[in-house]
Amino acid sequence: MYTKLKESYKKAFGTINNIKKIILFVALLYLIFFIGSLFYFDYAYKNDTENRGIVKSFEEDYGELPVASSTKFFGIFMEVFLWNSFSMLIIILIGPLFGILPVLIIISASIYHGFAMIFTSQNSGIIIHILYKYGHGFLEIPAFILSVSLSIVTFFSFFKSNSKMKKIMEVYKQSILVYLFVILPLLLIASLIEAFILSY
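Okay, so let's go over this structure.

Definitions and limits used
Residues numbered from 1 in each chain as written. Predicted model: local features only at pLDDT ≥ 70, side-chain atom pairs only at ≥ 80, totals over all residues. Heavy atoms only, no water. Helix = DSSP H or I, 4+ residues; strand = E, 2+ residues; numbered from the N terminus. Contact = heavy atoms within 4.5 Å. Axes fitted to C-alpha atoms, helices over the stretch in contact; angles between N-to-C directions. Parallel < 35°, antiparallel > 145°, perpendicular 65-115°, else oblique. Nonpolar A, V, L, I, M, F, W, Y, C, P; charged D, E, K, R; others polar. Expected span 1.5 Å × (residues − 1). Buried < 20%, exposed > 50% of the residue type's maximum accessible area, 1.4 Å probe, protein only. Arc of directions from axis to C-beta. Phe/Tyr/Trp six-rings, centres within 6.5 Å; stacked < 30°, edge-to-face > 60°. Core = buried A, V, L, I, M, F, W, Y, C linked by side-chain atoms within 4.5 Å. Left-handed = near helix turned anticlockwise from the far one by under 90°.

**Focus on the side chain of Ser 110**
In this fold, Ser 110 is placed in helix 6 (residues 101–120). Excluding its chain neighbours within four sequence positions, the residues that come into contact with Ser 110 are Tyr 30, Phe 33, Phe 34 and Ser 37.

Printed below as a string of structure tokens:
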């Protein structure tokens, strides 16, 4: 049992090593749009310009940040963990079907995260805000980047082999190992942190 688990972890991290260039690309894409949105929304909030209309539009659509329906630790944990786990799995699975969609997902998420950070930190210190509100994000975001990267790899595998279905199934198998042994543990710990923060 231990030997099989060890071998599965080895294969999962081997897959990550094999796609590290794509992971780096996705991470850089996220950082570029995240940092850009931080500067944009910070400038728009501090300056009464034509950009204020865009900010108001974001506030109407995303101003009320999502919160868990439960107020108890276990309820929050289950809600957050199940939602994030399902979302990451769907992102991985849609690769061959939607191609460019994972890239659009990472861009839109990074812009939203930048807006959310500026919007919710208007009345609090940024360092305290980051630790209190986004401590779990330091684990969720790498899991998100990994999921998008695996989705992109699955999409490109469709064009790399004559036996497309066999190649895609092989890539899916590798992706599921990464999902089970890397992404899910990250989401598990992140959900525990978020549930602790939101319940106390």
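**Brief notes about the packing of helix 4 (residues 73–93) against helix 8 (residues 137–157)**
It is at 7 Å that the axes of helix 4 and helix 8 come closest, and there the two elements cross at 25 degrees. What the angle tells us is that helix 4 and helix 8 run roughly parallel. Facing Val 80, Asn 84, Met 88, Ile 91 and Ile 92 of helix 4, the residues of helix 8 in contact are Glu 140, Ala 143, Phe 144, Ser 147, Val 148, Leu 150, Ser 151 and Thr 154. Looking at side-chain class alone, the contact of helix 4 with helix 8 contains 8 nonpolar, 4 polar and 1 charged residues.

**Quick word on helix 4**
Since the α-helix turns once every 3.6 residues, residues separated by three or four places project in the same direction. For helix 4, built from 21 residues, the straight-helix expectation of 30 Å at 1.5 Å per residue is met to within 8% by its first-to-last C-alpha distance of 30 Å. All of the buried residues along helix 4 are Ile 76, Phe 77, Val 80, Phe 81, Asn 84, Ser 85, Met 88, Ile 91 and Ile 92. Seen along its axis, helix 4 keeps its buried residues to an arc of 135 degrees; they face one direction. The exposed set on the far side of helix 4, more than 90 degrees from its buried face, consists of Trp 83 and Phe 86.

**A short note on the environment of Leu 192**
Residue placement: Leu 192 occurs in helix 9 (residues 164–199). As a C-alpha pair, Leu 192 and Phe 74 span 118 residues in sequence and 8.8 Å in three-dimensional space. Not counting chain neighbours up to four residues away, the residues in contact with Leu 192 comprise Phe 73 and Phe 77.

**Examining the packing of aromatic side chains**
If you walk through the whole model with that rule in mind, you get 4 aromatic pairs. Where Tyr 30 meets Phe 34, the ring centres are 5.8 Å apart and the plane angle is 10 degrees; that geometry is what we call stacked. With Tyr 30 and Phe 34 both in helix 2 (residues 20–46) and 4 residues apart, the pair spans about one turn of that helix. Like Phe 34, Tyr 30 is buried.

**What to know about the environment of Phe 77**
With respect to the helices and strands, the residue Phe 77 is situated in helix 4. The exposure class of Phe 77 is buried, given its relative accessible area of 10%. Spatially, the C-alpha atom of Phe 77 lies 5.0 Å from that of Ala 195, the residues being 118 residues apart in sequence. When residues no more than four places from it in sequence are discounted, the contact partners of Phe 77 are Leu 188, Ser 191, Leu 192 and Ala 195.

**Here's the deal with the nonpolar core**
Grouped together as the largest cluster of nonpolar side chains are 39 residues, with contacts concentrated most on Ile 106, Phe 144, Val 148, Val 178, Val 182 and Ile 183. If you tally residues by element for this core, the top one is helix 9, at 11 residues. Filtering out sequence-adjacent residues up to four positions away, Ile 183 remains in contact with Met 88, Ile 92, Ala 143, Leu 146, Ser 147, Leu 150 and Val 178.

**Let's talk about the side chain of Ser 175**
In this fold, Ser 175 is placed in helix 9. Excluding residues within four positions of it along the chain, Ser 175 makes contact with Ile 92, Leu 150 and Thr 154.

**Here we look at the packing of helix 2 against helix 8**
The description of two packed helices rests on the angle between their axes and on the distance between the axes. Interhelical geometry of helix 2 versus helix 8 gives an angle of 125 degrees and a closest axis separation of 9 Å. It follows that helix 2 is oblique to helix 8 by the angle criterion. Seen from above, helix 2 lies across helix 8 with right-handed handedness. Of helix 8, the residues touching helix 2 (which contributes Ile 22, Ile 23, Val 26, Ala 27 and Tyr 30) are Ile 141, Ile 145, Leu 146, Val 148, Ser 149, Ile 152 and Val 153. A breakdown of the residues in the contact of helix 2 with helix 8 according to their chemical character gives 11 nonpolar, 1 polar and no charged.

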